[in-house]
Amino acid sequence: MPTIHIESQKKDIAPRVLMPGDPNRAFYIAKNYLENARLVNKVRGELAFTGKYKGVDVTIFSSGMGIGSMGIYSYELFNDYNVESIIRIGTAGSYDPELKVYDILLADSVYSKTYFDEEAGHENIEIINTSFELNSTIMDTALLKGMKVKQGRVHTTEAFYTENKDYSKFIELGCKAVEMETYALMYNAKKFMKKATALLTISDNLITHEEIDSESREKKLNEMIVLALESIIKK
Ligand code: HPA
């Protein structure tokens, strides 16, 4: 029963899904971490793979970039497939000098000033909480693995290139970092009463202008991938 954007059959998508933004990252995770991974979607190059992690079925589905793309895929996964929980895994720019590059931020809530809510559902929702249950599992798993994870509010923006470098409004609203997809995922999780959250590696600091180098980025990303996989199979 494919949708207009996803060619997978219902049985080919697992109830547990990880969503990186980048299709190449989805391939990398499937190749390196899943057993018997098979390609289940390639429409528009938005790759999805389903396989087993420690004996549990998991799908890795690339979301693409931005609220628009994440809005489409998370809607269809929750509405048209048997998806129960989604963890977005991605990167974010930090608004906090103490939240440094390579740190991992787990979103406990997301803020966005977007028309997505009004256009999708005649609503006006600026802040949405992520799944408390998923977050507890992720924090417990991180503790067991000796990994440091901070929790905080994420700002989802629609513009990557911005002339306004005054981030004080977002900081006053409690936002720790900025990225471009989490709001759409949480909006749809709330709509369909499903579980979702976002694990984000800090790739740049907008206040201190510190940036990540590619070798360490790879290593940190691997840690975050394992944390997400270990957590999603517990749910
Ligand atoms: N802006 C938006 N999205 C991002 C950024 C940023 O500075 N860094 C990583 N994702």
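This report concerns the structure included in the present document. Values in this document were obtained by computation on a predicted structure and should not be read as measured data.

Basis of the calculations
- Residues numbered from 1 in each chain as written.
- Predicted model: local features only at pLDDT ≥ 70, side-chain atom pairs only at ≥ 80, totals over all residues.
- Heavy atoms only, no water.
- Phe/Tyr/Trp six-rings, centres within 6.5 Å; stacked < 30°, edge-to-face > 60°.
- Helix = DSSP H or I, 4+ residues; strand = E, 2+ residues; numbered from the N terminus.
- Buried < 20%, exposed > 50% of the residue type's maximum accessible area, 1.4 Å probe, protein only.
- Lys NZ or Arg CZ within 6 Å of the ring centre and 35° of its normal.

### Here we look at the packing of aromatic side chains
Then comes step 1: Under the defined criterion, the tally for this structure stands at ten aromatic pairs.
Then comes step 2: Each ring, one from Tyr-95 and one from Phe-170, has its centre 5.9 Å from the other, and the planes form 15 degrees; the classification is stacked. Of this pair, Tyr-95 sits in the loop between strand E5 (85-94) and strand E6 (104-111) while Phe-170 sits in helix H5 (residues 168-172), and the two are 75 residues apart along the sequence. The pair formed by Tyr-95 and Phe-170 is uniform in burial state, with each residue classed as buried.
Then comes step 3: Aromatic side chains Tyr-111 and Phe-170 sit 6.3 Å apart centroid to centroid with 45 degrees between the ring planes, which places their arrangement in the tilted category. Of this pair, Tyr-111 sits in strand E6 while Phe-170 sits in helix H5, and the two are 59 residues apart along the sequence.
Then comes step 4: When its relative accessible area of 1% is taken as the criterion, Tyr-111 is described as buried.
Then comes step 5: Accessibility expressed as a relative area gives 19% for Phe-170, which makes it buried.
Then comes step 6: Ring pairs connect the aromatic residues Tyr-95, Tyr-111, Tyr-167 and Phe-170, which therefore count as one cluster.
Then comes step 7: Over the aromatic face of Tyr-28 sits the side chain of Arg-25, whose NZ or CZ is 5.9 Å from the ring centroid.

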